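# Structural characterization, general
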Amino acid sequence: MATFTLDGKQIPFTKGDTIIRAAWREGIDIPHYCWHPGLSVAANCRMCLVEIKSARPMMMPVLKWDAAKDAWVPDTKPKLQPACQIEVSEGMEISTESENVKQAHKAVQEFLLLNHPVDCPICDQAGECKLQDYWLEHQHTRKRKHTEPVHKPKGVRFGPTIVYDAERCVMCTRCIRVCDELVGDHVLDMRQRGNQNEIVLAPGRQLDHKYSLMTEHVCPVGALTSRDFRFKARVVLEITARRLRRLRDGLQHARRFRTRATGAFTVSGRGTTKA
Amino acid sequence: MEPIEHEFDEDHALELPAEPMRLNMGPSHPAMHGTIRMVLDLEGETVENVDVQPGYLHRGFEKSCERGTWSQVFPYADRLNYVSPMLNNVGFALAVEKLCGITVPERAAYYRVILGEIARICDHFTCNGAGAMELGAFTPFLWFLKVREWCWDVLERETGARMTHSFGRIGGMAKPPTENFKRDVTELIPEVLKSVNEAETLLLRNRIFLDRMQGVGSLSQERALALGVTGPMLRSTGVDYDVRKAHPYSLYDRFDFEVPIGHDGDNYDRFLVRMEEMRQSCSIILQAIKQMPDDGPVNSPDLRYILPEKNEVYTTIEATIAHFKLVMEGIKPPKGQVYSFTEGGNGELGFFIVSDGSGTPYRVRVRPPCWFNLQACREMLIGDMISDIIPTFGSVNMIGGECDR
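Reading the values: the criteria
- Residues numbered from 1 in each chain as written.
- Chains lettered and ligands numbered in written order.
- Predicted model: local features only at pLDDT ≥ 70, side-chain atom pairs only at ≥ 80, totals over all residues.
- Helix = DSSP H or I, 4+ residues; strand = E, 2+ residues; numbered from the N terminus.
- Buried ≥ 20, exposed ≤ 12 C-beta atoms within 10 Å, placed from the backbone.
- Contact = placed C-beta atoms within 7 Å.
- Axes fitted to C-alpha atoms, helices over the stretch in contact; angles between N-to-C directions.
- Parallel < 35°, antiparallel > 145°, perpendicular 65-115°, else oblique.
- Left-handed = near helix turned anticlockwise from the far one by under 90°.
- Nonpolar A, V, L, I, M, F, W, Y, C, P; charged D, E, K, R; others polar.
- pLDDT = per-residue confidence, 0-100.
- Pairing = 2+ DSSP bridges.
- Core = buried A, V, L, I, M, F, W, Y, C linked by C-beta atoms within 7 Å.

A few words now on the overall build of chain A. When its secondary structure is counted, chain A shows 6 helices and 14 strands. The buried share of chain A, taken over its 275 residues, is 32%. Within chain A, residue pairs in contact and separated by at least 24 positions form 60% of the contacts whose partners lie at least 6 positions apart.

Set out below in structure tokens:
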């Protein structure tokens with residue numbers, strides 16, 4: 001089988017695989033928000049940027065501080081590529097741990113948290129939130145922007161099952177893609193741009209199709225929450241119970257369910273992590 | 001009550017061999033700390049053989065560490081050598097910091113040194129004072145404990161607890177020094193030195209004390225090294241091994257101090273080495289007080305290991321996430337293993353820790369100095385009189401909490 005190198009490790013792939021998919025199949029998780037194995041590629045969160053060592057560097061030179069010369073000197077910089085979009089080719093050499101990549105991960109993560117509200121204590125996602133996980137893994141610094149964050153609609157009722165919080169949203173568009181690709185119902189879309197970005201309903205519609213809870217399931221952060229489960233339980237406290245008990249139902253091995261001593265609160269399908 | 005009348009059958013009297021006599025000492029004997037049992041074979045009053053049996057105190061310290069977070073190990077570490085808990089706190093913190101690759105700010109390092117040395121003084125006070133008391137000299141014991149109480153007052157003002165402070169943190173200390181810290185310590189040290197001198201004048205010209213200590217419980221240098229003995233007990237045999245000098249950790253390379261050594265390795269030498277170490281600790285403390293900066297942080301700025309300030313937690317998302325992660329999942333040192341050792345109250349206190357990258361220690365192995373010192377006990381006791389067991393075992397300063405295996 002054809003292989004490529006990821007951080008010094010040989011990874012097999014089939015033709016047409018993207019870097020992130022080939023790595024995911026091997027159980028290696030390249031950080032990402034917008035990519036989902038069951039959906040099309042959006043490449044808009046920029047969290048999965050990797051350095052392809054065999055590719056050419058950026059055309060434009062950059063200035064780098066040289067302490068020995070005590071001056072800025074021209075330097076080249078590798079062009080980082082989104083791992084979710086680049087198809088793998090034989091013998092490709094990829095790094096997810098180089099300084100440039102680390103810096104990019106850190107910057108993207110800091111950017112996503114720029115206007116994020118201080119919601120962890122009341123957020124249903126806290127404990128299984130990618131913003132939290134990646135902060136610890138890739139950023140772990142304090143806030144540098146101390147101005148008022150941008151405010152956007154909170155607690156918007158999307159339909160009978162889903163509530164949307166625009167301030168928590170990282171605009172990965174997974175929910176839009178679920179509606180488009182899985183259901184074929186273009187009920188969600190994005191409006192405005194930049195930090196005014198917001199997911200909105202089609203005029204006169206509600207998010208009321210049969211797979212509406214899938215949008216909550218694929219949401220990597222706490223932007224979409226299930227109305228049934230809102231404010232009922234803290235996920236992270238129940239992690240042991242979740243692992244110990246497995247609930248079998250019509251969905252086949254639905255593994256994650258949030259519970260307190262009184263029983264299950266919600267049942268959800270398998271996550272996107274492999275195995 | 002009427003006397004019980006025994007009718008002895010002279011012809012069939014059961015003959016028990018009188019010599020050697022097998023005698024159990026402990027674990028309920030006060031000198032055995034309730035945690036050690038000695039099975040003695042006595043020839044008259046001379047100890048022919050002795051089997052030292054620890055294990056009457058078992059809390060499963062190392063196993064307990066494997067189910068909480070890394071930060072939750074501190075209370076367990078406190079209870080290893082509960083006479084100098086601060087040294088254990090710092091020892092464990094240094095081990096995890098070595099694994100994480102972080103260093104604490106200078107102010108915290110000085111703070112640790114000063115509190116640690118006060119703890120060492122308390123440890124030696126307790127050992128030497130109790131040793132004298134066990135020989136009938138109650139006055140020095142009470143004088144020592146009086147000053148130890150003043151030491152604990154300082155520790156209490158700083159940490160909130162006289163013993164078992166749980167004051168260390170990975171990447172710093174729980175709180176910065178109090179406003180009057182330097183004044184309190186500066187006032188304490190002369191009292192310590194005074195008490196050390198007083199006790200020496202009381203004891204070192206006392207015939208009974210000298211007879212019970214000199215030449216009793218001797219340990220040769222070779223055997224001490226072979227058995228892994230460290231601390232004052234090793235130094236009393238003439239080996240100048242002190243982790244603070246041999247492998248300076250924290251700030252110990254900045255202080256000017258001597259490593260006192262003895263030459264006979266008997267009770268008397270152990271007593272004197274501890275006395276002199278208290279003086280050296282005082283000298284270290286005074287130097288540290290002079291060098292310690294008056295302000296500055298006592299915690300590493302790295303949010304992966306140290307909780308952020310509350311006002312930050314309430315206002316910024318980054319600090320909220322840090323708080324959430326640290327509280328719910330605990331700190332996560334990188335995968336790997338590390339051995340880190342410090343000079344505890346009784347010798348080399350080592351922590352071998354293994355991390356699998358999760359919020360819970362994979363393994364915490366302690367090298368408790370008392371465990372190794374206790375090994376030497378058997379050889380030291382054989383050949384001496386039964387009454388010599390008390391001062392000898394006392395000067396080994398076995399702390400049951402550390403011998404919890």
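On we go from here.
Our focus in this paragraph is the packing of helix H4 (residues 106–134) of chain B against helix H5 (residues 138–159) of chain B. Geometrically, a packed helix pair is captured by the angle between its two axes and the distance between the axes. Residues and elements named next belong to chain B. Contact geometry for H4 and H5: axes closest at 9 Å, N-to-C directions at 160°. Our classification of the angle between H4 and H5 gives roughly antiparallel. Judged by the sense of rotation from one axis to the other, the crossing of H4 with H5 is left-handed. Each of Leu 115, Ile 118, Ile 121, Cys 122, Phe 125, Thr 126, Asn 128, Gly 129, Ala 130, Ala 132 and Met 133 in H4 lies in contact with H5, whose residues at this interface are Phe 138, Pro 140, Phe 141, Phe 144, Leu 145, Val 147, Arg 148, Cys 151, Trp 152, Val 154, Leu 155 and Glu 158. Its residues assigned to classes, the contact of H4 with H5 shows 18 nonpolar, 3 polar and 2 charged.

Here we come to the confidence of the model for chain A. Of the residues in chain A, 85% have a pLDDT of 70 or more, and the chain-wide mean is 85. For the stretch residues 239–255 of chain A, pLDDT sits under 50, and the model shows 18 contacts to residues farther than four places along the chain or on other chains.

Residues and elements named next belong to chain B. Pairing of strand S6 (residues 336–343) with strand S7 (residues 348–355) involves 8 bridges; the strand directions are antiparallel. When the bridges of S7 are listed, Gln 337 appears paired with Val 354. Linkage of S6 to S7, two consecutive antiparallel strands, is achieved through a turn of 4 residues, within which Gly 347 is found at a positive phi near 140°.

We now examine the sheet that holds strand S8 (residues 156–157) of chain A. All names here are of chain A. Taken in spatial order, the 3 strands line up as S8-S9-S12 in an open sheet, and their pairing is antiparallel. Sheet topology places S8 and strand S12 (224–226) at the edges, where each strand pairs with a single neighbour. Sheet topology places strand S9 (residues 162–164) next to S12; 3 bridges connect them, and they run antiparallel. By the bridge assignment, Tyr 164 is partnered in S12 with Leu 224.

Bringing the nonpolar core into the picture now. Formed by 161 residues in total, the largest nonpolar core has its most connected members in Ile 20, Cys 48 and Val 50 of chain A together with Val 96, Ile 114 and Ile 118 of chain B. For this core, the leading source of residues is H4 of chain B, giving 13 residues. Sequence-distant contacts of Ile 114 of chain B, defined by excluding residues within four places in its chain, comprise Val 185, Ile 285, Ala 288 and Ile 289 of chain B.

This brings us to the sheet that holds strand S1 (residues 21–25) of chain B. Residues and elements named next belong to chain B. Taken together, 3 strands build an open sheet; the order of strands is S1-S2-S3 and the sheet is antiparallel. A strand with exactly one partner marks an edge of an open sheet, and here the two such strands are S1 and strand S3 (46–53). Recorded for the sheet is a direction-independent mean angle of 20° between the axes of neighbouring strands. Bridge analysis of strand S2 (residues 37–43) against S3 gives 7 bridges, and the strand direction is antiparallel. Bridge pairing in S3 links Leu 40 to Val 50.

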